[in-house]
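# Chain and residue survey
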Amino acid sequence: MRFSSKTFLFPAILLIFSTNLFAALPIIKEVRYEGLNYISPLIANEITKVRLNEPLDINLVDTSIHSFYSQGYFKDIWVTEENGILTFHFLEKPVIASLIVSGYGAGKEQDVIDKEIGLKKGDVYDEAKIANVRKKIIDLMEAQGYYDTIVEVKTEEISTNALKVTLEINKGEEIIIQKANYYGRENLKISRIEAATANKEREFLGWMWGFNSGKLRVNEVETDGHRIRDLYMQKGYLDAEVSTPFLKTDFTTYKAELDFYINEGELYKVSEVEIVLEEDVIAVEELYDVIKIKKGKKFNIDTMRKDTEAIRYKIGDLGYAFTRITPDLDKDKENSEVRIVYYVQPGKKVHINDVLISGNNRTLDRVIRRNVLLAPGDEYEMSKITLSKNAIMRTGGFESVEIEEERIDEERVNLLVNVKEGKTGEFTFGIGYGSYDGLMGSISVKDRNIFGTGLTAGVYLDKSEVSDSYRVNLYNPAVLDSDYSLATEVYRMEYDDYDYTETMTGFNIVGGRRIWDQLDLTLGYTYQETKLSNFDNAYLRNLYTRYYGGDKYIKSSVIPGLSYDSTDAYFFPKSGIKATGSTEFAGIGGDAEFIKYYGTFNLYHSIEDWTDLDLIFRYRAKAGYAQDEGFLPINEKFYLGGVNSVRGFQNRSITPRDKDGLRIGGKQMFYNTAELSYGMFETVQMRFLIFYDYGMIGQKNINDIKRSSVGVGIEWISPIGAINFLFPHALDDKPGDDTSSFEFTMGQRF
């Protein structure tokens, strides 16, 4: 007896009915499967509805066949019965053994399409799924501005039931918006509107980077209408209306015209601001202090949203995780005024039930969890959510971090920490040239997350025509997952100074203690032997003897310090402050005896809200003062110039000189820089930089020598690590100054 799914069992049913006239239905003693590879017999038994030791039931066989078909693995299924043995026969669909996507980008573009199409090597080849993939690709191309895209699917059998599938993408044409009309616009400039929209009119030099290309983003057209209305409401036009955009397209030329019809309405001012607090969990005056919208000012819906979040943040810090804030706008159209009322419902205090980590394939859970400032049983604090995200990002091991609250009940919440791991291992190799250093090369191997433990280790080899440097370091940010840290480094550095060769060999060890969420106390010890050799001549050797007392000296020092870091990322912080302060006491044994005070201050602030561009403002400053307590070698003093101070001047070239012209360093120093960093691409971590540097240095007075520079640069997180290309220009160089016009660094934070 044979039953086939292709005929929906009608012949089989007729056959059974005809046999029923002459004989009873067979008793099913066993169920077998032939040609089944994609599903195990155990799973097949669960799908099969046929019951053993009972008469054959045609309806159950029919249901079983349809259940197998729904798995999506089979081209054909039929059933036979002989002597009570029911056998399911399967003809399986071929598997995709090789998948090639051609005609569309590479790198991250390829990653995007791989994610979008949802098809991969090892999947079963299914015509319906392939048709859906073609549609997804065409939709993706349209979302990126390409229309009439053609996707050809080619298959090639490379072995039994195995296919090579090639998706050939022939990109369509780009539709260009030749004209964008904003009918009814009076009080906003077109440039301001187009800064907020995805679709905009092509500019004269639209083919050039930085100008509006006019490329149509059809999936953004309707949203652009909402963006324009929101922009008007930010400017106080509370009744503004924007019609559904009208797009006229000529598919023979692939040119379009886009029309928006705008009714601006009247400009509203705020007549009153009121906060209604349902429960007295906080003094209402404290909430008024955090809001920015004020009586008599122009209404701004964006400010109102930020005020809503500020109130939520303030009350959330008291443990109320599910505070509801409902702004109400009471409009007085006659006088063009609006009364704003914030209705605040705090709810109940919430405690942390659990912290759940996801997305970490390499990093151990405990490494992430120790940077989360809330633990099970703690009272909820909203500010610690943001601080925890920043702390995880500062480790340098993650591209992104999201922390969400999962409500368990009215008084408990789970914290869901989802991370996307970044590249923590770096192998860098670089070659460059400097007017003083000559040919330069560097090789380094570094990992900021060894075996997922959060440990950082690095080996660095740097060589140029005037210097050699060898360093090995290890850093544990949380010893035994505690608040204590430990770092150590062993090094040997040889540097051809302008008049002699200086060789430094030593080690340091630094212990730290977290005393606040973003504040660390450190205590370090350094032992270093410095040797001087290869003086240009005996005369210079005699001159330098009075500053060193011989050909070598030993420094043994302790360095207590404080460091504060509230930045939100490792490489490209967009907000926060990073500051350090330390005092080095040399003279704990050894020859050198001095006290050196040193401090740094870095400020990062995104100005994207003001400019609608991915711009980061940075301010960095360093200051130092050295106090001679018996023996202060000149190489322990301060020098400016080089990539880490006043760029545009050679490394350590800005320095006081004595009466014989020797470079003797300064006892006091101040350097600062202001920078603007612009993110050029969404898919590549590369930024364009402009900067201004200013520094002062002196022996008796800090402003004995003053130098400044300007320049541009490119910051790039490359596959082999961070690279910084700089093109500085010295502004006030003097005769005898050593300047440079190109500098680069590898593997450092920006």
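Residues numbered from 1 in each chain as written. Predicted model: local features only at pLDDT ≥ 70, side-chain atom pairs only at ≥ 80, totals over all residues. Heavy atoms only, no water.

Looking at an unreviewed UniProt entry, one finds the protein chain named Outer membrane protein assembly factor BamA and attributed to Helicobacter ganmani. Recorded in UniProt under Subcellular location (unreviewed entry), the annotation for the protein chain is "Membrane". (UniProt positions renumbered as here; feature names shortened; annotations may be inferred.)

All right, on to the overall build of the protein chain then. Looking only at helices and strands, the protein chain features 13 helices and 35 strands. Taken over the C-alpha trace, the protein chain has a radius of gyration of 35 Å; the compact-globule value for 750 residues is 27 Å, which it surpasses by more than 25%. The dimensions of the protein chain, computed from C-alpha atoms along their principal axes, are 125 × 75 × 65 Å. When each of the 750 residues of the protein chain is scored for burial, the buried share is 43%. For the protein chain, contacts bridging at least 24 residues in sequence account for 58% of all contacts bridging at least 6. As displayed, the protein chain has an accessible area near 38,400 Å², and 53% of this comes from carbon and sulfur atoms. For the protein chain, the separation between the mean place of its 90 positive charges and that of its 115 negative charges on side chains is 2 Å. (Helix = DSSP H or I, 4+ residues; strand = E, 2+ residues; numbered from the N terminus. Rg over C-alpha atoms; globule rule 2.2 N^0.38 Å. Buried < 20%, exposed > 50% of the residue type's maximum accessible area, 1.4 Å probe, protein only. Contact = heavy atoms within 4.5 Å. Areas by Shrake-Rupley, 256 points an atom, 1.4 Å probe, with all protein chains shown as cover. Lys, Arg positive; Asp, Glu negative; His and termini not counted. Charge placed at Lys NZ, Arg CZ, Asp CG, Glu CD.)

Helix-helix packing is characterised by the crossing angle of the two axes and by the distance between the axes. Running from N to C, helix α7 (residues 221-234) and helix α9 (residues 301-316) point in directions that differ by 85°, and their axes come no closer than 6 Å. Taken together, α7 and α9 sit at an angle that is classed as roughly perpendicular. Packed against α7, whose contacting residues are D230, M233 and Q234, the element α9 presents I301, D302 and R305 at the interface. (Axes fitted to C-alpha atoms, helices over the stretch in contact; angles between N-to-C directions. Parallel < 35°, antiparallel > 145°, perpendicular 65-115°, else oblique.)

All right, on to the pattern of salt bridges then. Using the criterion set out here, one finds 54 salt bridges in the structure. With a closest N to O distance of 2.8 Å, K463 and D468 form a salt bridge. One salt-bridge network, in which partners are shared between bridges, spans R618, R620, R647, E675, D693 and E715. (Salt bridge = Lys/Arg side-chain N within 4 Å of Asp/Glu carboxyl O.)

Let us look at the confidence of the model for the protein chain. The predicted coordinates should not be examined in detail at positions where pLDDT is low. Residues of the protein chain with pLDDT of at least 70 account for 92%, and the chain-wide mean is 87. Predicted confidence for residues 5-22 stays below pLDDT 50, and this span has 19 contacts to residues more than four positions away or in other chains. (pLDDT = per-residue confidence, 0-100.)

Right, let's get into the pairing of strand β29 (residues 593-606). The sheet contact formed by strand β28 (residues 575-590) and β29 spans twelve bridges and is antiparallel. Residue pairing in the sheet places E584 in a bridge with K596 of β29. The antiparallel pairing of β28 with β29 creates a hairpin that spans two residues between the two strands. Sheet analysis places β29 next to strand β30 (residues 615-631), joined by 14 bridges and oriented antiparallel. (Pairing = 2+ DSSP bridges.)

Note on placement: N53 falls in the loop between α2 (41-47) and α3 (58-69). Since its relative accessible area comes to 60%, N53 is described here as exposed. In sequence terms N53 and D497 are 444 residues apart; their C-alpha atoms lie 96 Å from each other.

How two aromatic rings sit relative to each other is given by the distance of their centres and the angle of their planes. A full pass over the atoms with the stated rule returns 25 aromatic pairs. Of the aromatic side chains, those joined through ring pairs into one cluster are Y33, Y38, F68, Y73, F74, F88 and F90. Positioned over the ring face of F322 is R407, at 4.2 Å from the centre of the ring. A cation sits over an aromatic face here: K596 above F638, 5.6 Å from the ring centre. (Phe/Tyr/Trp six-rings, centres within 6.5 Å; stacked < 30°, edge-to-face > 60°. Lys NZ or Arg CZ within 6 Å of the ring centre and 35° of its normal.)

By definition, the strands of a sheet pair up through backbone hydrogen bonds, in either a parallel or an antiparallel sense. An order of β14-β16-β15 is seen for the three strands of this open sheet, with the pairing classed as mixed. The sheet is open, and its two edges are formed by β14 (269-277) and β15 (324-332), each paired on a single side. On average, each strand axis in the sheet is tilted by 15° relative to the strand beside it, whichever way the strands run. In this sheet, strand β16 (residues 337-345) lies alongside β15 in antiparallel orientation, the contact comprising nine bridges. Bridging across to β16, D330 finds its partner in R339.

Here we come to the sheet that holds strand β7 (residues 150-159). Overall, mixed pairing links the three strands, which are arranged β5-β8-β7 in an open sheet. Since the sheet does not close on itself, it has two edges, and those belong to β5 (95-102) and β7, each with one partner. Sheet twist, expressed as the mean angle between neighbouring strand axes with direction ignored, is 20°. Alignment of β7 against strand β8 (residues 162-170), held across nine bridges, turns out to be antiparallel.

Before going further, it helps to examine unusual backbone geometry. Of note, D148 is a non-glycine position whose phi angle comes to about 65°, a positive value. Counting through the fold element by element, D148 comes out in the loop between β6 (146-147) and β7. Judged by relative accessible area, D148 falls into the partly exposed class, the value being 46%. Here N534, not a glycine, exhibits a phi torsion of approximately 55°, which is positive. Along the chain, N534 falls in the loop between β26 (519-533) and α12 (538-548). Among the residues examined, N534 registers a relative accessible area of 56% and is labelled exposed.

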